[in-house]
Amino acid sequence: MLPPTLRPELRLKWPNDLLHDRAKLAGILLESSGVAGAEVAWVAIGMGVNLATHPEGLEYKATSLAALGVSGVTPDDALTALDKAFEHWLGVWRGQQGFAAIREAWLKRAEGIGGPIVVRLSSGALEGIFESLAPDGALQLRLADGTLQLVSAGDVFFGPPAPGSAR
């Protein structure tokens with residue numbers, strides 16, 4: 001679906017976005033249910049891909065395949081490509097004992113590792129250096145005092161906050 005020249009430019013933003021030049025091209029949302037300490041009972045996956053257009057004026061810059069010069073991709077084309085990729089990564093998950101192989105591949109494509117980020121939480125914001133991804137998928141954030149903070153959910157902004165920023 002994507003030309004080979006575009007693929008190396010694609011990066012992943014923790015926890016759920018696909019970026020091109022730090023502009024959001026696609027995102028994923030997961031909902032699940034289970035009992036603490038037990039297996040997950042179910043997972044619902046929602047995905048959005050900006051094929052022909054993209055929103056303007058958001059907190060995050062966005063882009064679309066059409067804006068990147070990839071035209072004529074239909075929703076059916078995108079769904080077929082997503083299905084193939086999902087099947088591949090599910091096979092990696094099942095065939096290589098879980099999340100470790102997924103984590104390794106994700107880290108190779110991660111945007112912002114080693115740089116400053118702000119993570120907006122429901123209870124406020126944390127600032128630090130995006131150190132890595134924990135074995136369970138949590139973001140590892142190195143705070144200014146040297147503490148390693150694990151974040152399992154939040155909204156990531158790259159770079160230090162702007163003076164007077166409310167993020």
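The shown structure was predicted, so the numbers you read here are calculated from the model rather than taken from an experiment.

1. Looking at the packing of helix α1 (residues 75–95) against helix α2 (residues 99–109)
One way to put it is that α1 packs onto α2 with a least axis distance of 6 Å and a crossing angle of 130°. Viewed along their axes, α1 and α2 adopt a mutual orientation that is oblique. Together, Trp89, Val92 and Trp93 of α1 and Phe99, Ala101, Ile102 and Ala105 of α2 make up the contact between the two elements.

2. As for α2
Among the residues making up α2, those that are buried are Ala101, Ile102, Ala105 and Trp106. Along the long axis of α2, the arc covered by the buried residues comes to 135°, so they all point the same way. Among the structural elements, β1 (10–13), α1 and β6 (124–133) are those in contact with the buried residues of α2.

3. Topic: the nonpolar core
In this structure, Trp14, Trp106, Ile117, Val119, Leu139, Leu141 and Val156 are the most contacted members of the largest nonpolar core, which totals 16 residues. Among the elements that line this core, the one with the most residues is β6, at three residues. Residues Leu10, Leu51, Val73 and Ala78 belong to the second largest nonpolar core, which totals seven residues.

4. Quick notes on a nonpolar patch on the surface
On the surface, Leu30, Val40, Val43, Ile45, Met47 and Phe86 cluster together to form a nonpolar patch covering roughly 550 Å² of accessible area. Broken down by element, the nonpolar patch gets its largest block of residues, four residues, from strand β4 (residues 40–49). Note on placement: leucine 30 falls in strand β3 (residues 23–34). Its relative accessible area of 55% is what places leucine 30 among the exposed residues.

Quick notes on the rules
- Residues numbered from 1 in each chain as written.
- Predicted model: local features only at pLDDT ≥ 70, side-chain atom pairs only at ≥ 80, totals over all residues.
- Heavy atoms only, no water.
- Axes fitted to C-alpha atoms, helices over the stretch in contact; angles between N-to-C directions.
- Helix = DSSP H or I, 4+ residues; strand = E, 2+ residues; numbered from the N terminus.
- Parallel < 35°, antiparallel > 145°, perpendicular 65-115°, else oblique.
- Contact = heavy atoms within 4.5 Å.
- Buried < 20%, exposed > 50% of the residue type's maximum accessible area, 1.4 Å probe, protein only.
- Arc of directions from axis to C-beta.
- Core = buried A, V, L, I, M, F, W, Y, C linked by side-chain atoms within 4.5 Å.
- Patch = residues over 30% accessible without salt bridge, like charges linked within 9 Å, V, L, I, M, F, W, Y side chains within 5 Å.
- Areas by Shrake-Rupley, 256 points an atom, 1.4 Å probe, with all protein chains shown as cover.
- Salt bridge = Lys/Arg side-chain N within 4 Å of Asp/Glu carboxyl O.

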